[in-house]
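Fold and contact review
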Amino acid sequence: MFKGSMPALITPFRNGALDLDTLKKLVEWHIGEGSHGFVPVGTTGESPTLTHDEHETVIDTVVKSVAGRVPVIAGAGSNNTVEAMRFVQFAKKAGADAALVVTPYYNKPTQRGLIAHFTALHDCADIPIIIYNIPGRSVIDMTPETMGELAKLPRIVGVKDATGDLARVCDQRMSCGPDFIQLSGEDATAHGFNAQGGTGCISVTANVAPKLLSQMQEACLAGDFAKALEIQDKVMPLHKAIFTEPGLVGVKYAMSRVGLCSDEVRLPLTGLSDEAKALVDAGLKHAGLR
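1. Quick word on the pattern of salt bridges
Opposite charge on two side chains allows them to pair when their charged atoms are near. Inspection of the entire model under this criterion finds 11 salt bridges. The partner of Glu56 in a salt bridge is Arg86, with the nearest N and O atoms 3.0 Å apart. With Glu56 in helix H2 (residues 52-66) and Arg86 in helix H3 (residues 81-94), this residue pair connects regions lying 30 residues apart in the sequence. Through salt bridges with shared partners, one network takes in Arg257, Asp281 and Arg290.

2. A short note on the nonpolar core
Grouped together as the largest cluster of nonpolar side chains are 42 residues, with contacts concentrated most on Val62, Val88, Val101, Phe118 and Ile131. When contributions to this core are tallied by element, the ones reaching two or more residues are helix H1 (20-33), H2, H3, strand E5 (98-102), helix H4 (111-124), strand E6 (129-133), helix H6 (144-150) and strand E7 (156-161). If one sorts the elements of this core by residue count, H3 sits on top with 6 residues. Those residues in contact with Phe118, other than ones at most four positions away along the chain, are Val101, Val102, Thr103, Pro104, Ile129, Ile131, Met142, Leu150 and Ile156. One finds Ile10, Ala219, Ile242 and Leu272 within the second-largest nonpolar core, a separate group that totals 33 residues.

3. A few points about helix H7 (residues 167-176)
The α-helix winds at 3.6 residues per turn, so residues separated by three or four positions along the chain end up facing the same way. Along H7, the residues that are buried comprise Arg168, Val169, Gln172 and Cys176. Angularly, the buried residues of H7 cover 100 degrees about the axis, an arc narrow enough to put them on a single face. Lining the buried residues of H7 we find E6, H6, E7, strand E8 (181-184) and helix H8 (190-195). One or two steps after H7, the chain reaches Gly177, where phi turns positive at roughly 95 degrees.

4. Quick word on unusual backbone geometry
Pro268 follows Leu267 through a cis peptide bond whose omega is 15 degrees. Mapped onto the elements, Pro268 comes out in the loop between helix H11 (247-257) and helix H12 (274-286). We note that Tyr106 has phi near 75 degrees; this positive angle belongs to a residue other than glycine. Secondary-structure assignment places Tyr106 in the loop between E5 and H4. Tyr106 sits in the exposed class, given a relative accessible area of 72%. The phi dihedral of Val139 falls on the positive side, at around 80 degrees, and the residue is not glycine. Here Val139 is to be found in the loop between helix H5 (135-138) and H6. Take Val139: its relative accessible area is 53%, and that puts it in the exposed class.

5. Quick notes on the side chain of Thr11
Positionally, Thr11 belongs in the loop between strand E1 (4-7) and strand E2 (13-14). You can call Thr11 buried: its relative accessible area is 2%. Only 2.7 Å separates the side chain of Thr11 from the backbone oxygen of Gly45, close enough to count as a polar contact. Thr11 has contacts with Leu18, Thr44, Gly45, Glu46, Leu50, Val58 and Lys252, leaving out every residue within four places of it along the chain.

Cut-offs used in this document
Once a new chain begins, its residue numbering starts again from 1 and follows that chain's sequence as written. Local features are withheld for residues below a pLDDT of 70 in this predicted model, meaning they are given only at 70 or higher, and side-chain atom pairs are given and counted only at 80 or more; totals for whole chains, interfaces and linings count all residues. Hydrogens and water molecules were not included; the side-chain quantities draw on all heavy atoms of the structure. Salt-bridge detection follows one rule: a side-chain nitrogen of Lys or Arg within 4 Å of a carboxyl oxygen of Asp or Glu. What counts as a helix is a DSSP run of H or I of at least four residues, what counts as a strand is a run of E of at least two, and both are numbered from the N terminus. Remark: nonpolar core denotes a set of buried residues (Ala, Val, Leu, Ile, Met, Phe, Trp, Tyr, Cys) joined through side-chain atoms within 4.5 Å. Under the scheme applied here, a residue whose accessible area is under 20% of the maximum for its type counts as buried, over 50% as exposed, and between as partly exposed, the area being computed with a 1.4 Å probe on protein chains only. Contact criterion: two residues are considered in contact whenever any of their non-hydrogen atoms come within 4.5 Å of each other. Taken from the helix axis, the directions to the C-beta atoms give the arc we talk about. Residues adjacent in sequence count toward polar contacts only when both atoms are side-chain atoms; beyond that, a polar contact is any pair of N or O atoms within 3.5 Å, and within protein one must be able to donate a hydrogen and the other to accept it.

Laid out in structure tokens, this is it:
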């Protein structure tokens, strides 16, 4: 069910408030461009600076706009297990197809603590859960062995892996089994990730280049890695440019340049520097998007 190119959907703002009209338009545009699913209110959706009400409003809006045409994996992470349970339960209530749950950040649980946290979330609602492992942001790293223990639970179905370590895909296949869904969380290595056994990418760059990245993912799924590599070469400068500064800032700027939405972000994030803007503009040109 969860495969291909799935934008880690941005949350558009206008004058500091949610811009739900633009959000709905983005959903329609992405479906027309071939995106295979959506992941609202993750880090790229600025979940750290959304209120709980805004978080739930965005999920509800995306689920209703999608109307079952492609899967929706709702962001539901927190370093507070009780708060994460609320978000997982809301994802189920809203009709999302799965919940994306990040490893708890800042309070640095042990591997034993990770098992307890994800087990509690598994047990709190009847909805599939995708683990989000991103040690660069959360500080802790869920080991393949820990993931293998969690994969024994019926609703822990996959991982968004943002470690950047392509050997992890093989290690996790060994510990979790071949049916465990492995989605890349890093655009620059998504092609190689699929060659190692992944089935897709939860992508930041797909917010602005959905057609190219859905085509790349479809080529990978068909085993045509040469065709996929041609597309990867087109978008690689854009990947690098977008992540010169925080990725969601870079991709919102890129989207503003092609008329999709405002580049407005919430503090403590700020707009791109002029140097980063020039890199993004060059990346858009190289990909044929401007």
